[in-house]
Amino acid sequence: MRYIMSWFLVLFLAAGASVAATQSGVKRDTPRPGNPTSEEAAPAPDFTVPSLTDDTSIRLSSLRGKVVVMNFWASWCPPCRAEFPLLAKLYNQYKERDVVLLSLNLAEEAETARHFIQQTAPPFPVYAGAIAAAKYNASRLPTTYFIDRAGRIRRQVSGFHPKRTEAEFSSLIDELLAEPAPVAQP
């Protein structure tokens, strides 16, 4: 019964996220050569989410000035589980370079997610993602958004492809890091 309820929750969130994303201008799987520039890209909708590992929370807008790799996942999703080691590798590779990995668990009870987190011991914090999912089109898991230093969505990648994802993600992160940081407004 819990499994069926989880699927209904995912379908409900996906439908709502699809409408919200359409209204907010989020583009799905933008082809690499046509990635929007910072000026052309849609602003990333803001949200605040609680941590699944401690008593903190994080607000997306507080990360402006950093490159954000925002990943939606669930422990019952085999591609998400397969992608987790890659996310840990990327986190370790870029954590000292103004890159934040925002790992957002979607559509699970907190205890189920915490159990998975204890088993995998990721080096990065994990947050409850239902609030964020309502603002993004994360209907296919895993889904990863790349947000530039100005807080704009530059790319959305859905699914996990072991042979292509690591190189693709590293290339996207490097591109965003190479761009100048936005000038702070007084």
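Scroll up for the structure.
Sorry if this is basic, but what is going on with the nonpolar core here?
One broad rule of soluble globular proteins: the nonpolar side chains tend to lie buried together. Within the largest apolar cluster, 51 residues are counted, with the highest numbers of intra-cluster contacts made by Phe47, Leu60, Met70, Phe72, Leu102, Leu104 and Tyr136. When residues of this core are assigned to their parent elements, the largest contribution, seven residues, is made by helix α2 (residues 78-94). Those residues in contact with methionine 70 that sit more than four places away from it in its chain are Phe47, Leu102, Leu104, Tyr136, Thr143, Thr144, Tyr145 and Ile147.

Got a minute to help me understand the environment of arginine 59 in this structure?
Locating arginine 59 in the fold gives a position in strand β2 (residues 57-59). Of the residues examined, arginine 59 reaches a relative accessible area of 47% and is grouped as partly exposed. Sequence-wise, arginine 59 and threonine 48 are eleven residues apart; in three dimensions their C-alpha atoms are separated by 4.1 Å. In contact with arginine 59, other than residues within four places in its own chain, are Asp46, Phe47 and Thr48. A polar atom in the side chain of arginine 59 sits 2.6 Å from the side chain of aspartate 46.

Can you help me understand unusual backbone geometry in this one?
Among all residues save glycine, negative phi is the norm, and among peptide bonds the norm is trans. In this model, leucine 141 is joined to proline 142 through a cis peptide bond whose omega is -10°. We note that aspartate 98 has phi near 65°; this positive angle belongs to a residue other than glycine. As for its placement among the helices and strands, aspartate 98 is situated in the loop between α2 and β4 (99-105). Even without glycine at this site, alanine 121 takes up a positive phi of about 45°. Structurally, alanine 121 is set in the loop between α3 (110-120) and β5 (126-128).

Conventions adopted
- Residues numbered from 1 in each chain as written.
- Predicted model: local features only at pLDDT ≥ 70, side-chain atom pairs only at ≥ 80, totals over all residues.
- Heavy atoms only, no water.
- Core = buried A, V, L, I, M, F, W, Y, C linked by side-chain atoms within 4.5 Å.
- Buried < 20%, exposed > 50% of the residue type's maximum accessible area, 1.4 Å probe, protein only.
- Helix = DSSP H or I, 4+ residues; strand = E, 2+ residues; numbered from the N terminus.
- Contact = heavy atoms within 4.5 Å.
- Polar contact = N/O pair within 3.5 Å; in protein donor to acceptor, adjacent residues only side chain to side chain.

Remember, this is a structural readout, not a statement about activity or role.
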